[in-house]
Amino acid sequence: MLLKPLKKQHGIATVLIVLLVGVALSASTLGVIYTVKTTQNKQVTSHAKTNAQSAAWALAEAARSYLDALSPEELNLLMLKIDDGPVEISPTLVADLGYLSNSTITFSSYLVIDSKHQFAITIKAVDTRSVSASSLNLVFEVTPGTVARECPDLSLIHI
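Let us look at the structure shown here. (Residues numbered from 1 in each chain as written. Predicted model: local features only at pLDDT ≥ 70, side-chain atom pairs only at ≥ 80, totals over all residues. Heavy atoms only, no water.)

1. Some thoughts on the overall build of the protein chain
- Summing up its helical and strand segments, the protein chain has two helices and four strands in all.
- What you see in the protein chain, going N to C, is helices and strands ordered as α-α-β-β-β-β.
- Each of the 159 residues in the protein chain was classed as buried or not, and the buried ones make up 23%.
- Within the protein chain, contacts between residues separated by at least 24 positions form 50% of all contacts whose residues are at least 6 apart in sequence.
- Of the roughly 11900 Å² that the protein chain leaves accessible, carbon and sulfur atoms contribute 63%. (Helix = DSSP H or I, 4+ residues; strand = E, 2+ residues; numbered from the N terminus. Buried < 20%, exposed > 50% of the residue type's maximum accessible area, 1.4 Å probe, protein only. Contact = heavy atoms within 4.5 Å. Areas by Shrake-Rupley, 256 points an atom, 1.4 Å probe, with all protein chains shown as cover.)

Okay, here's the thing in C-alpha cells:
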C-alpha cells in the first residue's frame with residue numbers, strides 16, 4: 001500500500017483553514033453592517049415620527065384657535081356644512097412651514113349639548129421634509145358667544 005507523504009498535504013490544509021477564516025470574517029462583517037443599518041433606520045424613523053406628531057399637535061392648537069374665534073353664526077354655518085359631509089380645511093401656513101402643506105384638518109361631526117358645541121376633528125399632519133405623517137382624532141367643545149381665552153405673554157416670565 002502506497003501512502004502519500006504528509007508533507008504534500010500541509011499546503012491544502014492551510015488553504016482550507018485560511019478560506020474558512022475568510023468566510024467567517026466576511027459573514028460577521030456583513031452581520032455587523034446589517035445591524036448598524038437597521039439601528040440607523042430605527043433612529044431616523046423615530047425622529048421623523050416626532051416631527052409629524054409635533055406638527056399634528058400644532059395643527060390641533062390651530063383648530064382650537066379657529067373654533068374659539070368663530071361667532072355663533074359662523075358656528076351654525078360650519079354645522080350646516082358638516083351636515084352635508086365632512087368639512088376638510090387645508091391650513092394656510094407661513095413660508096417656513098411649507099413642508100406641512102399637505103396637512104389637513106377635517107371636521108367630521110358635531111353634537112350640541114346645553115348650548116355647548118362639540119366637534120369631532122381628525123387632523124392629519126404630513127411632514128414632507130421628514131417623509132412622515134401623524135394623525136389625531138380630537139373632540140373640541142365650544143361655547144358660542146364666549147370670548148376666547150388669551151394665552152399669557154410668556155415673554156414676561158423670567159426663569
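2. Describing the environment of L136
- The topology assignment puts L136 in strand β4 (residues 132–142).
- Each C-alpha atom, one on L136 and one on I105, is 9.5 Å from the other, the two residues being 31 residues apart in sequence.
- Ignoring anything within four residues of it in the chain, the contact list for L136 reads A56, W57, A60, I121, T122 and I123.

3. Some thoughts on the pairing of strand β3 (residues 116–127)
- For strand β2 (residues 104–113) and β3, the ladder comprises nine bridges, and the chain directions are antiparallel. Paired with T106 across the strands is T122, a residue of β3.
- As consecutive antiparallel partners, β2 and β3 are separated by two residues, and within that stretch D114 has a phi angle of approximately 50°, a positive value.
- Two elements, β3 and β4, share 11 bridges in a ladder whose sense is antiparallel. Counted as the bridge partner of Q118 is E141 from β4.
- Taking the residues between adjacent antiparallel strands as the criterion, β3 and β4 are bridged by four residues, where V131 takes a positive phi near 50°. (Pairing = 2+ DSSP bridges.)

4. Section: helix α2 (residues 72–84)
- Here α2 spans 19 Å end to end across 13 residues, near enough to the 18 Å set by a 1.5 Å rise per residue.
- Of the residues flanking the end of α2, it is G85, one or two places downstream, whose phi is positive at about 145°. (Expected span 1.5 Å × (residues − 1).)

5. A word on a nonpolar patch on the surface
- Together, I12, V15, L16, L19 and V23 give the surface a local cluster of nonpolar side chains, amounting to about 480 Å² of exposed area.
- Within the fold, I12 resides in helix α1 (residues 10–69).
- Overall, the relative accessible area of 52% leaves I12 in the exposed class. (Patch = residues over 30% accessible without salt bridge, like charges linked within 9 Å, V, L, I, M, F, W, Y side chains within 5 Å. Salt bridge = Lys/Arg side-chain N within 4 Å of Asp/Glu carboxyl O.)

Honestly, it's all geometry; don't read function into it.
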